[in-house]
Amino acid sequence: MQGTIDLITRYYAAFNEGDTEAMIACLDPDVAHHVNEGAIRVGHDKFRAFCAHMDRCYSENLTDIVVMANADGTRAAAEFIVNGTYKETDEGLPEARGQTYRLPAGGFFSVEHGRITRVVTYYNLADWTAQVSR
């Protein structure tokens, strides 16, 4: 259990540092990345492309991170606050004008052999849209 908590903590520390490669080091090569309101992306290359897109459109930092894991460390969850700036308009979303936002979010994970095999991210898109549309 503690190894999984440490793994997820490293994953989010790398996120906050903007270090995509350190995030990928936590992932299984065939990771299934379930994006909020989006398709499932499989593998490091698709994860890397997703991160590049996100970095172009958003600047985000996570705070108040709490990580939990089941007893055998095969599943984990995290709850946190996303503090962000909307930098460049993302297709199908409101126009970006440097708006800031703050919203609760969560992540759910499957872990095997010390690597994350599944990442599911959740946040309330309607809340985010309302905040950046003001």
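To be clear, the structure that these remarks concern was listed above.
Residues numbered from 1 in each chain as written. Predicted model: local features only at pLDDT ≥ 70, side-chain atom pairs only at ≥ 80, totals over all residues. Heavy atoms only, no water.

Draft legend 1. Fine view of the nonpolar core. Core analysis: the biggest nonpolar cluster contains 33 residues, and Ile 8, Tyr 11, Tyr 12, Leu 27, Tyr 101, Phe 109 and Ile 116 have the highest contact counts within it. Looking at which element gives the most residues to this core, the answer is helix H1 (residues 2-17), with 6 residues. (Core = buried A, V, L, I, M, F, W, Y, C linked by side-chain atoms within 4.5 Å. Buried < 20%, exposed > 50% of the residue type's maximum accessible area, 1.4 Å probe, protein only. Helix = DSSP H or I, 4+ residues; strand = E, 2+ residues; numbered from the N terminus.)

Draft legend 2. Molecular detail of the side chain of Thr 20. Tracing the backbone through its elements, the reader meets Thr 20 in helix H2 (residues 20-24). Residue Thr 20 is classed as buried on the basis of its relative accessible area, which comes to 16%. Discounting chain neighbours no more than four positions away, the residues touching Thr 20 are Arg 48, Cys 51 and Asp 55. (Contact = heavy atoms within 4.5 Å.)

Draft legend 3. Quick peek at unusual backbone geometry. The phi dihedral of Asp 64 falls on the positive side, at around 55°, and the residue is not glycine. Relative to the helices and strands, Asp 64 resides in strand E3 (residues 58-69). Notably, His 113 is not glycine yet its phi reads approximately 55°, a positive angle. Structurally, His 113 is set in the loop between strand E5 (100-112) and strand E6 (115-123).

Draft legend 4. Layout of the pairing of E6. Both strand E1 (residues 27-34) and E6 contribute to a ladder of 4 bridges, which runs parallel. Bridging across to E6, Ala 32 finds its partner in Arg 118. Note that E5 and E6 share 8 bridges and pair antiparallel. By the bridge assignment for E6, Phe 109 is matched with Val 119. Linking two consecutive strands that pair antiparallel, namely E5 and E6, is a turn of 2 residues; a positive phi of about 55° is found at His 113 within it. (Pairing = 2+ DSSP bridges.)

Draft legend 5. Quick look at the sheet that holds E5. An order of E2-E1-E6-E5-E4-E3 is seen for the 6 strands of this open sheet, with the pairing classed as mixed. Each having just a single partner strand, strand E2 (40-42) and E3 make up the two edges of the open sheet. Between one strand axis and the next, the sheet turns by 20° as a mean value, whatever way the strands run. Its contacts with the sheet put helix H3 (residues 44-57) on E1, E2, E3 and strand E4 (75-86), and the angle it makes with E1 is roughly 55°. Against the sheet, helix H4 (residues 125-132) touches E3, E4, E5 and E6, its axis set at about 150° to E5. (Axes fitted to C-alpha atoms, helices over the stretch in contact; angles between N-to-C directions.)

Draft legend 6. Expanded view of the environment of Pro 29. Its place among the elements puts Pro 29 in strand E1. The residues contacting Pro 29, other than those within four sequence positions of it, are Gly 43 and His 44.

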